[in-house]
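Observations on the model geometry
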Amino acid sequence: MVFVKSFDNKTLILNLNPKATTFETLKHQIERELGIPLSLQRIFLNPRRLIGDESALIAELGVRSDSALTLHLPLFGGMQAPVVPKPRLEFLNTKPPPNYVAGLGRGATGFTTRSDIGPARAAPDLPDRSATTIGGASAPGGIGRGRGKGGAEEEEEDEGDEKGYDENQKFDEFEGNDVGLFASAEYDEDDKEADAVWEAIDKRMDSRRKDRREARLKQEIEKYRASNPKITEQFADLKRKLCTLSAQEWDSIPEIGDYSLRNKKRRFESFVPVPDTLLEKARQEQEHVTALDPRSRAAGGTETPWAQTPVTDLTAVGEGRGTVLSLKLDRLSDSVSGLTVVDPKGYLTDLKSMKITSDAEISDIKKARLLLKSVTQTNPKHPPGWIAAARLEEVAGKIQAARQLIHKGCEECPKNEDVWLEACRLASPDEAKAVIAKGVKAISNSVKLWMQAAKLEHDDVNKSRVLRKGLEHIPDSVRLWKAVVELANEEDARLLLQRAVECCPLHVELWLALARLETYDNAKKVLNKAREKLSKEPAIWITAAKLEEANGNTAMVGKIIERGIRALQREGLAIDREAWMKEAEAAERAGSVATCQAIVHNTIGIGVEEEDRKRTWVADAEECKKRGSIETARAIYAHALTVFLTKKSIWLKAAQLEKSHGTRESLDALLRKAVTYRPQAEVLWLMGAKEKWLAGDVPAARAILQEAYAAIPNSEEIWLAAFKLEFENHEPERARMLLAKARERGGTERVWMKSAIVERELGNTGEERRLLGEGLKLFPSFFKLWLMLGQLEERFGNFEKAKEAYDSGLKHCPSCIPLWLSLSHLEEKMNGLSKARAVLTMARKKNPQNPELWLAAVRAESRHGNKKEADILMAKALQECPTSGILWAASIEMVPRPQRKTKSLDALKKCDHDPHVIAAVAKLFWHDRKVDKARTWLNRAVTLAPDIGDFWALYYKFEVQHGSEENQKDVLRRCVAAEPKHGEKWQVISKAVENSHLPTEAILKKAVVALGKEESVAESSKD
């Protein structure tokens, strides 16, 4: 194939073979196609002109297949005549000719509007195109039959030449207007491959833009939905509030009526006198006659004369017929589209569940019977038709006809198991066995039929006999083997499974079941054979590991799992880490702990990047812990600790797991191992000492702390832990000695504070004052020492010295809120409310937006009966601290009871998850006797803030009043486990000198007593 580009920029395609075509043949071909004489042809290949012997092959001249040649024509002397410019009509500035319609020449008929012609002009007449086409009226310029092309057509042709293409030629979607270039070319495999490549590129580019396009579309949809919300979304909050309505409120909602004015127009009412005949007829119909009519007596009273028959109301009859017809149509039509609905898949089930209740349904059954009869006659080899016909007769109550129909279906479709199963179902119990026997004879390889035949038997022996007969015909049916094994005893089951694995060697469940029934040695042989048959089955290796563990060979478990993973990888099986972890949890549930540990050890690191190992393993352990797989989580932590020996976080998580689910011995062993690898981790030493102390082994706890001090000699935490151990075990002298050594070695402010606490415990006031003075010289910015000094002076009535201590403390710690509060309480005792008010005002100026200071001011006003000032202060406090829970809780308690619900709603809007607000709402439910809601909200409060003892005291008091003994014990246990340290009332009780060694349970009960006293005082003050 050779391409020749002519002088008019058109391409000629010549189907020539360059190796078999001469130069002369090429020229003659061009002459035939283009009409150019041989003498005028100048043929060029690239920039070179083809010159050679006429008989030479064009391949020798350099022409190849798919070469592009260029044809030129010579210009022989002279000059080209000047081209006359085409006249251009100034049509925009000239008046159009009469009856001119724009676009009429190219088929676009124009139109004239009222604004064009005006109100007083008529629309111009359109030219008759048919007349000009036929020849009745010739166009300007002499265009007519036999006169050639007109000027307009010549101008269009010239414009086409100027553009370089013809607008009227066929347009191709792929090549555009250049389709003429390859009009006669064949679409070969290369073109097909190129199209496929370009299509793949288009798909690839489209997929790259898919995410951005979908994201943009999603954003537009969200923006549209945000700007145009649905009605349901606009009223969602109101719907949510409907759950709070009571039954009485629901019943009080009025019915919706039509209150529009258009339906309130008064209708014209006219009153017409009633005819006497109508009144007489009504009277006759309503009166009771006790005697027979003469004509009735003539008939003996046994017949009703025709004239006495009441006239039937034809309107009522018509309405009844319409009602019946509508019921029929509703039953046969869809409620949405109104079209007849037929479920092609579920019509058999529908027929089975039908019940005849009326004459109309009898009519429907007749129609269905007629349709199904047509189905079975036109296509007797269609099994569902016979089944549907039989079920229809069953629904109609004609069971014998149903049996006859399904019998014919069995004769017509003897190789369909569904027909035989339906025949067995419809047959009587005595005939069912005979029917199913015929079925298995006709279809001996149907598992369903054999299973149905076994179900018809009543004793296990006959069932087993039927199933074994079926296995003679279908020896590779796993379903039959499982059924017959379930019916057999252990010895027979083992023999059956030996035969089953021979017939179904690729079914792993049969191999594993046989291994479970065999002895240890035979089970190993069975598993080895199974591994040969199923080399890519992980369950065989796991079962082998469980077998070794069950027989005490725990050393072999890890080797078997490791060998199995290597063998599976050699077979090309990808090790799915998640699937193996599930197998480990299943092994744990089955009691195979060693197998679980071996699976975790060998698969936990597969597919995990090195930098992600710690995070992934800890997450896996936590998930296993949530699912209750403790041994799996323990195995994960054990493996992680072999890789990350010095990671304190993993040691702590493993210790927490042992503390929650292990024994004291396992926890002690783990902590011993942990401090071996991380001797500088204080928390591990302290955890070990605390566990020993809680177990009652104080000497062991002392020994652990001594080892910890040897490992970390300057650790203040270890010094304080040792002090606490001695102090809590009533060894004040030992505690004093430890703190003295700590002070000598440069202890921090905590050491001095603990030393003062010990002296206060022992009653050494002078020593306590001395220690506080020395400590404040060393640490003047530690506010707790100033606070303890002020409280010491306050206990002994030295109010002036206490005030000096508080003032000195505030000079060094102006932002310490407890110092400001203590000073205000002291001023209130000494000088009354005005001085305390001034102190609190100064505190609020130096510490703005502090809710505790505002609350102290409000309570000070309330204590002196200034309710109005307290309300004003509370309003200002909520403006300055709008999200403070303690302020909102106090505000709820201050307002009158009818307003508390509204105030609590406002508080929940501002701070929904604040425990103080939640506890205040719980109190409201408590006072309203809504016990369940109060319990729920109190539980939520202690869950959000388990460290605040006031909430535990409130919860325990509630359960004492309204809960059971079990609930009380549960709250007490949870409180002891939480070990609360904070709370306004809790700290007052727990930090009292006489309560310093009391357990959490005793402090809780004392707090409950304090709450009761406070409530009784509040109620008496209201009265």
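If you're wondering where the values come from, they're calculated on a predicted model, not measured in any experiment. (Residues numbered from 1 in each chain as written. Predicted model: local features only at pLDDT ≥ 70, side-chain atom pairs only at ≥ 80, totals over all residues. Heavy atoms only, no water.)

Structural notes on empty space enclosed by the protein
Rolling a probe over the atoms, with the probe sized like a water molecule, indicates the empty space that remains. Per the stated rule, a full pass over the model turns up two cavities of 30 Å³ or more. Here the largest cavity is characterised by a volume of approximately 60 Å³. Considering the residues around the largest cavity, the lining is formed by Asp668, Leu671, Arg672, Val675, Leu684, Trp685, Gly688 and Ile704. Among the elements that take part in the lining of the largest cavity, helix H31 (residues 664-677) stands out by supplying four residues, more than any other. (1 Å grid on protein atoms, 1.4 Å probe; cavity = no way out; pocket = protein on both sides within 12 Å on 5 of 7 lines; lining within 4 Å. Points joined across faces, edges and corners; volume = space filled by probe spheres on them. Helix = DSSP H or I, 4+ residues; strand = E, 2+ residues; numbered from the N terminus.)

Some points on helix H46 (residues 915-927)
Under the 1.5 Å per step criterion, the end-to-end length of H46 is 18 Å for 13 residues, consistent within 8% with the ideal 18 Å. Burial in H46 covers these residues: Pro915, Val917, Ile918, Ala919, Ala920, Val921, Ala922, Leu924, Phe925 and Trp926. Residues of H46 that are buried make contact with helix H44 (885-894), helix H45 (897-910), helix H47 (931-944) and helix H48 (949-962). Arg929 occupies a position one or two residues after H46 and carries a positive phi of about 65°. (Expected span 1.5 Å × (residues − 1). Buried < 20%, exposed > 50% of the residue type's maximum accessible area, 1.4 Å probe, protein only. Contact = heavy atoms within 4.5 Å.)

Comments concerning the confidence of the model for the protein chain
In the predicted model, the protein chain carries a mean pLDDT of 77, and the fraction of residues at 70 or more is 80%. Within the protein chain, no element has a lower average pLDDT than helix H3 (residues 129-134), which sits at 39, and none a higher one than H47, at 92. Scored below 50 in pLDDT, residues 77-81 makes zero contacts in the model with residues more than four places away or belonging to other chains. Low pLDDT, under 50, characterises residues 333-345; the predicted model gives this stretch 10 contacts beyond four residues in sequence or across chains. (pLDDT = per-residue confidence, 0-100.)

Regarding the pairing of strand E1 (residues 2-5)
Bridge analysis of E1 against strand E2 (residues 11-14) gives four bridges, and the strand direction is antiparallel. Across the sheet, the residue bridging to Val4 is Leu12, located in E2. The hairpin turn running from E1 into E2, its antiparallel successor, is five residues long, and Asn9 in that turn takes a positive phi close to 65°. The pairing of E1 with strand E5 (residues 68-72) spans three bridges and is parallel. For Val4, the partnering residue across the bridge sits in E5 and is Leu69. (Pairing = 2+ DSSP bridges.)

A short note on helix H5 (residues 189-227)
The end-to-end C-alpha distance of H5, which contains 39 residues, comes to 54 Å, matching closely the 57 Å that a straight helix rising 1.5 Å per residue would cover. Approximately 40° is the largest bend angle found in H5, and it occurs at Lys210. (Bend = angle between axes of the 7 residues up to and from the residue.)

Considering the nonpolar core
Counting residues in each nonpolar core, the largest one holds 112 residues, and the members touching the most others are Trp481 and Ile636. For this core, the element with the most residues is helix H29 (residues 630-643), which contributes seven residues. The contact partners of Trp481, leaving out residues within four places of it in the chain, are Leu471, Pro475, Leu496, Arg499, Ala500, Cys503 and Cys504. Ile948, Ala953, Leu1004 and Ala1007 belong to the second-largest nonpolar core, a separate cluster that totals 79 residues. (Core = buried A, V, L, I, M, F, W, Y, C linked by side-chain atoms within 4.5 Å.)

Notes on the packing of aromatic side chains
Applying the stated criterion to the full structure yields five aromatic pairs. Ring plane angle 15° and centroid distance 6.0 Å describe the contact between Trp651 and Tyr677, whose orientation is recorded as stacked. Pair noted here: Trp651 is in helix H30 (residues 648-661) and Tyr677 is in helix H31, with a separation of 26 residues, a long-range link. For Trp651, a relative accessible area of 1% gives the class buried. For Tyr677, a relative accessible area of 36% corresponds to the partly exposed category. Between the aromatic rings of Phe925 and Trp937, the centroid separation amounts to 6.0 Å while the plane-to-plane angle is 45°, which identifies the pairing as tilted. Of this pair, Phe925 sits in helix H46 while Trp937 sits in helix H47; the two residues are 12 residues apart in sequence, bridging distant segments of the chain. For the pair Phe925 and Trp937, one class covers both residues: buried. Over the face of the ring belonging to Trp937 we find Arg940, whose NZ or CZ atom lies 5.3 Å from the ring centre. (Phe/Tyr/Trp six-rings, centres within 6.5 Å; stacked < 30°, edge-to-face > 60°. Lys NZ or Arg CZ within 6 Å of the ring centre and 35° of its normal.)

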